[in-house]
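For reference, the chains in residue letters:
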Amino acid sequence: MPGYSSTKKGSMKYSIVTPTKDEGKYIEETIKSVVAQEIPPEEWMLMDDDSTDNTAELVAKYTAAYPFIKYVKLSGFRKDLVNTGGRVAAIINYADSLRTKDADALAKIDADTSFLPAFFKEILGEFEKDPLLGIASGHLCENGIPEKISDRTSGRGASLIIRYKAFTQIGKFYESRTRGEDVLAFVAARACGWKTQTFDYYFNHLKPEGIRKSKLKNHYITGYYKGSIPYWLPFFIGNLIRDTFRKPYVIGALVQAYGYVLSRFILRYHPFPDFVSKQIKKEQKNKLSRKIGLSKSVS
């Protein structure tokens, strides 16, 4: 497997990994966006997670003309991982082991996104300007409307670009039976001293977030994920109170609480590194302190 190369300003190289499953409705627009980039990737690993639609046929239209596109068909991959986030993490890590070109940054993009031609050039420019920048994300738009962002130190996994040195330092993406591979990469990078940021380089998300699962199923998975980290309990309770007043209201919050208790206290499923758990609790304590008017940070 290749590593990363030292770069001079203006010469930063990147590779892309895209896990996809039955995204034939959107993936061709994603492909058109990538091949139109002003700075093309060294490689683009398109990891087809056993799609049953026309994904393979759509990708085949472009592989001959663009040799950097590497299509990999997965069959029966990691049957122990069924939830999207942890499964995506395993696919990305596997794709990284298949790469043949050196890269200074690894981009993870979804197969239902589109970008302007200068997107990756602009993002790479931020990495070149700041050697401490570990992870960056673009600014998500749906139907032309930019997402409201309250925390610029986090970002969207649909367009996550990570410096390869940071990627290896945090232990790559975290494989688990739950979600959060993108959020926890940001947290882990900060724990290791890297800067993380969302920049106003816009990308389009062609499919609404979270439509594959019911709202109650999402609440259960969210609670299970928060318990597996685990979230700092007072912070989780605060989130739960907030979610009580959002659809599907009380029942959604109860389902989320069940998932949290199940993973944290009953199954004791804690798959993530201790340094990540400590970092996220520290950040949650600081966030809660700021909300209630205390300025002192937890170290």
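Above: the structure in question.
Report follows, based on the coordinates. (Residues numbered from 1 in each chain as written. Predicted model: local features only at pLDDT ≥ 70, side-chain atom pairs only at ≥ 80, totals over all residues. Heavy atoms only, no water.)

1. As for the overall build of the protein chain
Assigned secondary structure in the protein chain consists of ten helices and nine strands. In terms of overall dimensions, the protein chain is globule-like: its C-alpha atoms have a radius of gyration of 19 Å, near the 19 Å expected for 299 residues. For the protein chain, the spread of C-alpha atoms along the three principal axes comes to 55 × 45 × 35 Å. The buried share among the 299 residues of the protein chain stands at 51%. (Helix = DSSP H or I, 4+ residues; strand = E, 2+ residues; numbered from the N terminus. Rg over C-alpha atoms; globule rule 2.2 N^0.38 Å. Buried < 20%, exposed > 50% of the residue type's maximum accessible area, 1.4 Å probe, protein only.)

2. Side note on unusual backbone geometry
With omega at -10°, the peptide bond leading from isoleucine 229 into proline 230 counts as cis. Along the chain, proline 230 turns up in the loop between α7 (215-228) and α8 (233-244). The peptide bond linking lysine 247 to proline 248 adopts the cis configuration, its omega dihedral lying at 0°. By the secondary structure assignment, proline 248 is in the loop between α8 and α9 (250-266). Despite not being glycine, aspartate 22 shows a phi value in the positive range, around 55°. You can see aspartate 22 is positioned in the loop between β1 (14-20) and α1 (27-35).

3. Quick notes on the environment of serine 97
On the secondary structure map, serine 97 appears in helix α3 (residues 84-98). Overall, serine 97 belongs to the partly exposed group, its relative accessible area being 37%. Among the polar contacts listed, one links the side chain of serine 97 to the backbone oxygen of tyrosine 94, at a separation of 2.5 Å. (Polar contact = N/O pair within 3.5 Å; in protein donor to acceptor, adjacent residues only side chain to side chain.)

4. Describing the pattern of salt bridges
Taken as a whole and assessed by the stated rule, the structure comprises 20 salt bridges. Two residues, arginine 78 and aspartate 80, come together in a salt bridge whose shortest N-O distance is 2.9 Å. For arginine 78, a relative accessible area of 30% translates into the label partly exposed. Under the relative-accessibility criterion, aspartate 80 is labelled partly exposed at 46%. Here glutamate 126 and lysine 129 are joined by a salt bridge, their closest N and O atoms 3.5 Å apart. Of the two residues, glutamate 126 and lysine 129 both sit in helix α4 (residues 119-129), three residues apart, roughly one turn of that helix. The exposed category is assigned to lysine 129, whose relative accessible area is 57%. (Salt bridge = Lys/Arg side-chain N within 4 Å of Asp/Glu carboxyl O.)

5. Overview of the environment of proline 208
Relative to the elements of secondary structure, proline 208 occurs in the loop between β9 (195-205) and α7. What makes proline 208 partly exposed here is its relative accessible area of 43%. Measuring from C-alpha to C-alpha, the distance between proline 208 and glycine 227 comes to 26 Å, with 19 residues separating the pair along the chain.

6. Things to note about α7
For α7, with 14 residues, the first-to-last C-alpha span of 20 Å sits near the 20 Å given by 1.5 Å per residue. Most of α7 sits inside the fold, with ten of its 14 residues counted as buried. Taken together, the buried positions of α7 are Asn218, His219, Ile221, Thr222, Gly223, Tyr224, Tyr225, Lys226, Gly227 and Ser228. Those residues of α7 that are buried lie in contact with α6 (181-191), α8 and α9. (Expected span 1.5 Å × (residues − 1). Contact = heavy atoms within 4.5 Å.)

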